[in-house]
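Structural overview for review
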Amino acid sequence: MTIDDARTAGRTAYRWLRPTAVTASLLLLGYGVLRLIGGLDGPRDKSAWPWMIGHTLFLFGIVAFAAVMVGLHGLLRADSSRLWAVDDVAAVAGLVGAVGFGWVILGDLFPRFADAVGAPELVLAGGPVLFNLGLLTLLFRAARVRLLPVWGPVLVLVGFVAIAVNLDLLPIGAALVLAGLFPLGRSDR
């Protein structure tokens, strides 16, 4: 089997990757819009429907992003063995970050869960950092092997930075993430 055969077989096996990445981005966008709606009339009510539905969308979005990381890891492994360690560390870091995000979101959705197993500061600060570093590393690697245009990971990075700067920029950041991930794995690349 040649490298081109492995690339074609790998990309065919991961046809779900692009729809999952788009879905993850749309879930993040939905969370951002609901977060804005929930704050229109003053402080956000953690028991109101925009909060609950928005955080549920966010949780599903993080799970979808975790699936994207697993898929990217698999595609990159099929492409080249030279940087397997980088891909492995990025995937593990991203997935650990996704678990941290999930822990925090579950605590937001279920106050009893938060009281029973509150998230330590390390999870609160480290989870998003690991998630972003892991996903972005895999995306830049994917751009390097032409699974994504070079500007794709850059848009995702700018989107994550916008979200980190101000959570009210979530819809804009999510739209940038969507634009960056939309061409992932397209067959014409």
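Overview of the overall build of the chain
- What the chain contains, in helices and strands, is 8 helices and 0 strands.
- From first element to last, N terminus to C terminus, the chain shows the α and β order α-α-α-α-α-α-α-α.
- Summarising the internal contacts of the chain: among those between residues at least 6 apart in sequence, 71% fall at separations of at least 24.
- With an accessible surface of roughly 9,800 Å², the chain has 70% of that area assigned to carbon and sulfur atoms.

Here we look at the layout of surface pockets
- Its volume calculated, the largest pocket comes out at about 570 Å³.
- Around the largest pocket, the lining comprises 28 residues; the ones closest to its centre are F58, F101, P128, I163 and L167.
- Contributions of two or more residues to the lining of the largest pocket are made by α2 (17-38), α3 (49-79), α4 (84-109), α6 (121-144) and α7 (151-165).
- Looking at the lining of the largest pocket, the element that brings in the most residues is α6, giving 7 residues.

What about the nonpolar core?
- L28, F65, L72, F131, L135 and F160 are the most contacted members of the largest nonpolar core, which totals 40 residues.
- Mapped onto this core, the elements with two or more residues apiece are α2, α3, α4, α6, α7 and α8 (170-181).
- Broken down by element, this core gets its largest block of residues, 11 residues, from α3.
- Setting aside residues up to four positions removed in sequence, L135 forms contacts with F65, V68, M69, L72 and F160.

Parameters and conventions
Residues numbered from 1 in each chain as written. Predicted model: local features only at pLDDT ≥ 70, side-chain atom pairs only at ≥ 80, totals over all residues. Heavy atoms only, no water. Helix = DSSP H or I, 4+ residues; strand = E, 2+ residues; numbered from the N terminus. Contact = heavy atoms within 4.5 Å. Areas by Shrake-Rupley, 256 points an atom, 1.4 Å probe, with all protein chains shown as cover. 1 Å grid on protein atoms, 1.4 Å probe; cavity = no way out; pocket = protein on both sides within 12 Å on 5 of 7 lines; lining within 4 Å. Points joined across faces, edges and corners; volume = space filled by probe spheres on them. Core = buried A, V, L, I, M, F, W, Y, C linked by side-chain atoms within 4.5 Å. Buried < 20%, exposed > 50% of the residue type's maximum accessible area, 1.4 Å probe, protein only.

The analysis is restricted to geometry; functional conclusions fall outside its scope.
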